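# Secondary and tertiary structure notes
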Amino acid sequence: MRNLAILVGLFVVLGALPVFIQSDVWLNSLIMILFVALLGQAWNILAGYGGQFSFGHAAFFGTGAYGVAVLQVQLGLSPWIGLVVGVAAAGLVAAFIGAVSFRYGLRGSYFALVTLAFAEVLRILSNSVPFTGAGVGILIPLEPGLAHLQFTSKAGYYWLIWAMALAAFLAAWWLNNSRFGARLMAVRDNEDAARALGVSAFRIKLGGIVLSGCFSGLAGVFYAQYYLYLDPGIAYGPAISVESLLVPIVGGIGTLFGPLLGAVTLHILSEITRDIFGDAPGISLAIYGAVLIVIVLFLPRGLAGLGRISARRLLSRRSA
């Protein structure tokens, strides 16, 4: 319950920030941090708690984004309906990928490559069919109002992504404290031993990827409503997949607060990089790659693990 109290307290503080921060620049930065934290927590649910590393989370993100966009533009339906349909469609795509992969025992690098392949297939398909706008993309009309999930101020978008991120972090907390989460982590640690204890590894992993896919789709819904434009390269491109996995790895994979810590760290790093190098292409990705190498080599548990190590050393010194 301690982690839940910290989580609720942290999000109460975050939820109150727009009352004191009026600058659109700062609010946009906070929106991006929470958006990336949502992406990272979605990936963390599958990889951190389930041990199934995905290189293609853009498959779920893009499905959610296109779900809400297509229903609005092509069918004239409410984005609230699009939100439900987009998240459900992302979950169905995740269920299909999981069923195909886990039924045949794919894991590790094989599973990662399969997810990457599915994301690429969806990118090619969305680049070809007319109802997604094909290569031109799809533009969502600007109609401010809660009924259209669009807002005239950044504060409205901030509270929307705040609620979405809170839902994802509460789901991660639930995994830490539920029987399903215990079984998912048992499969992560030793799948054969979990099977010997009567755990259905296939069902547990399938539930994990569906939950992860739904939250990635939710992030896609927010992206579509925030930027009001989508194309296949944005929705299903590798950038989303890379960002999804980079954030929890840097912050602390398999931890509750790791994705948020990673999102803050990478956003600050991105802003510093932009100030120093400008908008030179490829610089941010090169620096992200260097940070990832350092984290993997020297901090395998991420920045959250560094905090635990520091706390243990401090306690041992006090006791000594």
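Definitions and cut-offs
- Residues numbered from 1 in each chain as written.
- Predicted model: local features only at pLDDT ≥ 70, side-chain atom pairs only at ≥ 80, totals over all residues.
- Heavy atoms only, no water.
- Axes fitted to C-alpha atoms, helices over the stretch in contact; angles between N-to-C directions.
- Helix = DSSP H or I, 4+ residues; strand = E, 2+ residues; numbered from the N terminus.
- Parallel < 35°, antiparallel > 145°, perpendicular 65-115°, else oblique.
- Contact = heavy atoms within 4.5 Å.
- Nonpolar A, V, L, I, M, F, W, Y, C, P; charged D, E, K, R; others polar.
- 1 Å grid on protein atoms, 1.4 Å probe; cavity = no way out; pocket = protein on both sides within 12 Å on 5 of 7 lines; lining within 4 Å.
- Points joined across faces, edges and corners; volume = space filled by probe spheres on them.
- Phe/Tyr/Trp six-rings, centres within 6.5 Å; stacked < 30°, edge-to-face > 60°.
- Buried < 20%, exposed > 50% of the residue type's maximum accessible area, 1.4 Å probe, protein only.
- Expected span 1.5 Å × (residues − 1).
- Arc of directions from axis to C-beta.

Our next topic: the packing of helix 2 (residues 24–47) against helix 11 (residues 238–251). Running from N to C, helix 2 and helix 11 cross one another at 80°; their axes reach a closest spacing of 8 Å. One element, helix 2, and the other, helix 11, form an angle in the roughly perpendicular class. Between helix 2 and helix 11, the contacting residues are Val36, Leu39, Gly40, Trp43 and Asn44 on the first element and Ile240, Glu243, Ser244, Leu245, Val247, Pro248 and Ile249 on the second. Within the contact of helix 2 with helix 11, the residues separate by chemical class into eight nonpolar, three polar and one charged.

This paragraph deals with the layout of surface pockets. By volume, the largest pocket amounts to about 720 Å³. If you go around the largest pocket, you meet 25 residues; those closest to its centre are Val36, Glu243, Ser270, Arg274 and Tyr288. The set of elements that each furnish at least two residues to the lining of the largest pocket consists of helix 2, helix 9 (201–227), helix 10 (232–235), helix 11, helix 12 (258–277) and helix 13 (283–298). Partitioned by chemical class, the residues of the lining of the largest pocket number 16 nonpolar, six polar and three charged.

In this structure the tally under the stated criterion is 17 aromatic pairs. Ring geometry for Tyr157 versus Phe222: centroids 6.5 Å apart, planes at 80°, classification edge-to-face. Within this pair, whereas Tyr157 is found in helix 6 (residues 154–177), its partner Phe222 is found in helix 9, the two being separated by 65 residues in sequence. Here Tyr157 and Phe222 have matching classes, each one buried. For the pair Tyr223 and Tyr227, a centre-to-centre distance of 4.6 Å together with 40° between the ring planes defines the contact as tilted. With Tyr223 and Tyr227 both in helix 9 and four residues apart, this pair spans about one turn of that helix. Note on Tyr227: relative accessible area 40%, which makes it partly exposed. Connected via pairs of aromatic rings, a cluster forms that spans Phe35, Phe61, Phe151, Tyr157, Phe222, Tyr223, Tyr226 and Tyr227.

So, about unusual backbone geometry. Phi at Leu149 takes a positive value of approximately 55°, unusual for a residue other than glycine. For Leu149, the location among the structural elements is in the loop between strand 1 (138–139) and helix 6. Its identity is not glycine, yet Leu228 carries a phi of approximately 60°, on the positive side. Its location among the elements puts Leu228 in the loop between helix 9 and strand 2 (229–230). For Leu228, a relative accessible area of 12% corresponds to the buried category.

As a further point, take helix 5 (residues 109–126). Compared with the 26 Å implied by 1.5 Å per residue over 18 residues, the 26 Å span of helix 5 between its first and last C-alpha is a close match. Taken as a whole, helix 5 has its buried residues at Phe111, Ala112, Val114, Thr115, Ala119 and Ser126. Relative to the axis of helix 5, the buried residues are bounded by an arc of 165° and lie together on one face. Opposite the buried face of helix 5, by more than 90 degrees, sit the exposed residues Tyr110 and Leu113. Among the structural elements, helix 2, helix 3 (58–73), helix 4 (79–103), helix 9 and helix 10 are those in contact with the buried residues of helix 5.

So far we have only geometry, and geometry alone does not tell us how the molecule works.
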